[in-house]
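# Coordinates in review
Residues per chain, in single letters:
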Amino acid sequence: MSAITNDWLPALEAEFHKDYYKDLYKFVKHEYDTTTVYPPSKDIFNALHLTPLSKVKVVILGQDPYHNVNQAHGLSFSVLPSQKNIPPSLQNIYKELQEDLGCRIPNNGYLKKWADQGVLMLNTVLTVRAHEANSHKGHGWEAFTDAILQAVNQKDEPVVYLLWGGPAQKKSAMLNNPKHLILKAPHPSPLSAYKGFFGCGHFSKTNQFLEQNGLTPIDWQIDDI
């Protein structure tokens, strides 16, 4: 696990000394040493590296990383630029962006542009065994990512949370900052996107809230590669 060096470190340092994290570290290290795990270990904390706590304006909460080769790189819903097959959930996110804001559907699923603008693209579990969805669930990542959400919850500046699907929406119980906005919708997966993700307007609502609070809106348009 590559070290966290930006302003997330003081917010999370206490976690590294807790028993659950020591157990998690041992488990994850053993997994990387003995089997194929995604994302590459240097990318586990990419969401934190690319979006410092002080810059967070939006949180998009996913579940666990993509588990196929050359996809996951530490940002929820995003895949590496070399991956030409855009995952179905991200395809549906792009469809909603097109309907909501008129964004063109790009030829790739690399969402670093969002992270660079203050969109924290966090999964609740940060690693996964190859081809085994949810295989690292229940080993301690959930406590660590809850600590990340609690740090964001304490920010004085406005933040928008996009909580898609039941597991993400359960996190709203800990998000009680009156300066923040919580938006909920079904997950963009093909199984549920037609139950209310399409038409939710979350991207325009996010930008409207940011602008009302004097913040620069997010440029959601992902560029072609």
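The structure displayed is predicted, hence computed values, not measured ones.

## Some points on the pairing of strand S3 (residues 119-123)
- Here S3 lies mainly inside the structure; 5 of its 5 residues are buried.
- Burial of S3 is two-sided: the residues Val119, Met121 and Asn123 facing one way and the residues Leu120 and Leu122 facing the other way are all buried.

## Observations regarding the layout of surface pockets
- Reported here for the largest pocket is a volume of approximately 480 Å³.
- The residue makeup of the lining of the largest pocket, split by class, is 9 nonpolar, 14 polar and 1 charged.
- In this model, the second largest pocket occupies a volume close to 200 Å³.
- Lining the second largest pocket are Gln63, Asp64, Thr124, Val125, Asn134, Lys137, Glu142, Pro167, Lys170 and Lys171.
- Considering only residue class, the lining of the second largest pocket consists of 2 nonpolar, 3 polar and 5 charged.

## Let's talk about the packing of helix H1 (residues 8-16) against helix H6 (residues 141-153)
- Where H1 meets H6, the axes come as close as 10 Å, and the angle between the chain directions of the two elements is 145°. Here the hand of the crossing between H1 and H6 comes out right-handed. Residues Trp8, Ala11, Leu12, Glu15 and Phe16 of H1 touch H6, and the partners they reach there are Ala143, Phe144, Ala147, Ile148, Ala151 and Val152.
- In terms of residue class, the contact of H1 with H6 is made up of 10 nonpolar, no polar and 1 charged.

## Some thoughts on unusual backbone geometry
- Here Tyr38 and Pro39 are connected by a cis peptide whose omega angle stands at -5°.
- Here the phi dihedral of Asn70 falls at roughly 60°; this positive angle occurs in a residue that is not glycine.
- Within the secondary structure layout, Asn70 lies in the loop between strand S2 (58-62) and helix H4 (88-101).
- Phi at His131 takes a positive value of approximately 65°, unusual for a residue other than glycine.
- With respect to the helices and strands, the residue His131 is situated in the loop between strand S4 (128-129) and H6.
- Looking at His131, the relative accessible area reads 54%, which means it is exposed.

## Concerning the packing of aromatic side chains
- Across all of its chains, the model carries 14 aromatic pairs by this definition.
- Here Trp141 and Phe144 contribute two aromatic rings whose centre-to-centre distance is 5.9 Å and whose plane-to-plane angle is 65°, an arrangement assigned as edge-to-face. You can see Trp141 and its partner Phe144 sitting in helix H6, 3 residues apart, about one turn around the helix. Pair check on accessibility: Trp141 and Phe144 agree, each one buried.
- One aromatic cluster is present, formed by Phe77, Trp114, Trp164, Tyr194, Phe197, Phe198, Phe203 and Trp220 through successive ring pairs.

## Quick notes on the side chain of Gln71
- Summarising the element assignment, Gln71 is placed in the loop between S2 and H4.
- Judged by its relative accessible area of 12%, Gln71 is buried.
- Here Asn68 takes part through its backbone nitrogen, which lies 3.4 Å from a polar atom of the side chain of Gln71.
- Dropping the residues within four chain positions of it, Gln71 is found in contact with Tyr66, Ser78, Val79, Leu80, Gln83 and Pro87.

## Examining the packing of helix H2 (residues 19-34) against H6
- Closest axis-to-axis distance for the H2/H6 pair is 9 Å, and the angle between their directions is 120°. Classified by the interaxial angle, the pair formed by H2 and H6 is oblique. Note on packing geometry: the crossing formed by H2 with H6 is left-handed. Listed contacts from H6 to Tyr20, Tyr21, Leu24 and Val28 of H2 are Trp141, Ala143 and Phe144.
- Here the residues of the contact of H2 with H6 are counted per class, giving 7 nonpolar, no polar and no charged.

## Some remarks on helix H8 (residues 202-212)
- Those residues of H8 lying buried are His202, Phe203, Thr206, Asn207, Phe209 and Leu210. Down the axis of H8, the buried set is contained in an arc of 160°. They therefore lie on one face. Away from its buried face, by an angle of more than 90 degrees, H8 presents the exposed residues Glu211 and Gln212.
- Among the structural elements, S2, H4, strand S5 (160-164) and strand S6 (181-185) are those in contact with the buried residues of H8.

## Brief notes about the environment of Phe45
- Structurally, the position occupied by Phe45 is in the loop between strand S1 (37-38) and helix H3 (46-50).
- Owing to a relative accessible area of 3%, Phe45 belongs among the buried residues under this scheme.
- Separated by 136 residues in the primary sequence, Phe45 and Leu181 place their C-alpha atoms 25 Å from one another.

What counts and how
Residues numbered from 1 in each chain as written. Predicted model: local features only at pLDDT ≥ 70, side-chain atom pairs only at ≥ 80, totals over all residues. Heavy atoms only, no water. Buried < 20%, exposed > 50% of the residue type's maximum accessible area, 1.4 Å probe, protein only. Helix = DSSP H or I, 4+ residues; strand = E, 2+ residues; numbered from the N terminus. 1 Å grid on protein atoms, 1.4 Å probe; cavity = no way out; pocket = protein on both sides within 12 Å on 5 of 7 lines; lining within 4 Å. Points joined across faces, edges and corners; volume = space filled by probe spheres on them. Nonpolar A, V, L, I, M, F, W, Y, C, P; charged D, E, K, R; others polar. Axes fitted to C-alpha atoms, helices over the stretch in contact; angles between N-to-C directions. Left-handed = near helix turned anticlockwise from the far one by under 90°. Contact = heavy atoms within 4.5 Å. Phe/Tyr/Trp six-rings, centres within 6.5 Å; stacked < 30°, edge-to-face > 60°. Polar contact = N/O pair within 3.5 Å; in protein donor to acceptor, adjacent residues only side chain to side chain. Parallel < 35°, antiparallel > 145°, perpendicular 65-115°, else oblique. Arc of directions from axis to C-beta.

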